[in-house]
Amino acid sequence: MNPGRQTGVVAAIVGAAALSVLTVPEAQAATTGITVSNVVVNKGLPIVVGTSDEKEPPVTFSITLPSGYSTDDPFDWDAHPFLYHGTSAAAGADDGGLYMGSYTCYEESARKETCKGELYIDPRYDLDSNGDATTWKIGLAMRLFKSSGSLKAEEYKTAPGTVSVRRWAKATVNASPEPVAKGRTITVTGSLTRADWVKHSYTGYAAQSAKLQFRPKGGSTYSTVKTVKSGSTGALRTTVTANADGYWRWSFGGTSTTGTATSTSDFVDVT
């Protein structure tokens, strides 16, 4: 045993089938004695997912093996966290969970390892309902194997903590006219949209508060001028008085189901 040595990269785990294929009948299920602890997903931050880009949020955790098992024999056991929402970790593992793509473990002692890796989330396949934008529980899958390679024991538990999975949001902006005479009215429009995991497109986010912000030419910070509610299609619109050259943008603070969004800026020259 060499403390701190890398014990290898665990191969990708694809979908619920990878977990359920090894599930033994309930009468044969047994406690493994494996402990998975100190699970941290995405550094404790929400996971925000769009419509097509794959996401790989980081995960760290520790594994302690029962007596009789060693970190030198990685084919004798398997343990890792996953995300689920539902009634139990066992049911969640078999029904739409979010799983580790790969992870690497480092030996701390003969029976303990620390691991780091990534979840793998493809919104085109792993998120099929906008209801998936919710709080997910952290499940733990643990298995022991016989010398023949067949399954000896398998169990699922729920780890402390939860993970928020949210829909990606986007904001756009347009300020006009450009240029404009000082003291005249500027109309600032835009839109607020968010990922729709059923339609696989971005759709309007209605009745949400967005801040209209301004940064003067030569300045380094934005200040909020007013707050506007988005319309039924996610449209944003308001008017302001032109007082100085500068940049206009919309900023959305997010909700429990949707990430934050800040538009690019639109410069208006005031003459």
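Computed from a predicted model, the values in this text were never measured in an experiment.

Quick notes on the rules
- Residues numbered from 1 in each chain as written.
- Predicted model: local features only at pLDDT ≥ 70, side-chain atom pairs only at ≥ 80, totals over all residues.
- Heavy atoms only, no water.
- Helix = DSSP H or I, 4+ residues; strand = E, 2+ residues; numbered from the N terminus.
- Buried < 20%, exposed > 50% of the residue type's maximum accessible area, 1.4 Å probe, protein only.
- Contact = heavy atoms within 4.5 Å.
- Core = buried A, V, L, I, M, F, W, Y, C linked by side-chain atoms within 4.5 Å.
- Disulfide = S-S within 2.5 Å.

(A) Expanded view of the environment of Thr31. The topology assignment puts Thr31 in the loop between helix 1 (15–20) and strand 2 (35–41). Residue classification places Thr31 among the exposed residues on the basis of a relative accessible area of 63%. Along the chain, Thr31 and Ala153 lie 122 residues apart, while their C-alpha atoms are 6.5 Å from each other. Excluding anything up to four places from it in sequence, Thr31 contacts Ala153 and Glu155.

(B) Representation of the nonpolar core in the model. In terms of nonpolar packing, the biggest core is built from 33 residues, with Ile34, Val36, Val41, Ile47, Phe61, Ile63 and Leu83 touching the most fellow members. Elements that contribute at least two residues to this core include exactly strand 2, strand 3 (47–49), strand 4 (58–64), strand 5 (77–84), strand 6 (99–109), strand 7 (112–120), strand 8 (135–145) and strand 9 (151–167). No other element matches the 5 residues that strand 8 contributes to this core. Setting aside chain neighbours within four positions, we find Phe61 in contact with Val36, Ser37, Asn38, Val39, Ala79, His80, Pro81, Met100, Tyr103, Glu113, Thr114 and Cys115.

(C) Broad picture of the state of the cysteines. For the structure shown, the criterion picks out 1 disulfide. The disulfide that involves Cys105 links it to Cys115, with 2.1 Å between the sulfurs. Taking the torsion about the S-S bond as the criterion, the Cys105 to Cys115 disulfide, at about 100°, is right-handed. Here Cys105 is found in strand 6, whereas its partner Cys115 is found in strand 7, with 10 residues between them in sequence. With respect to burial, Cys105 and Cys115 carry one shared label: buried.

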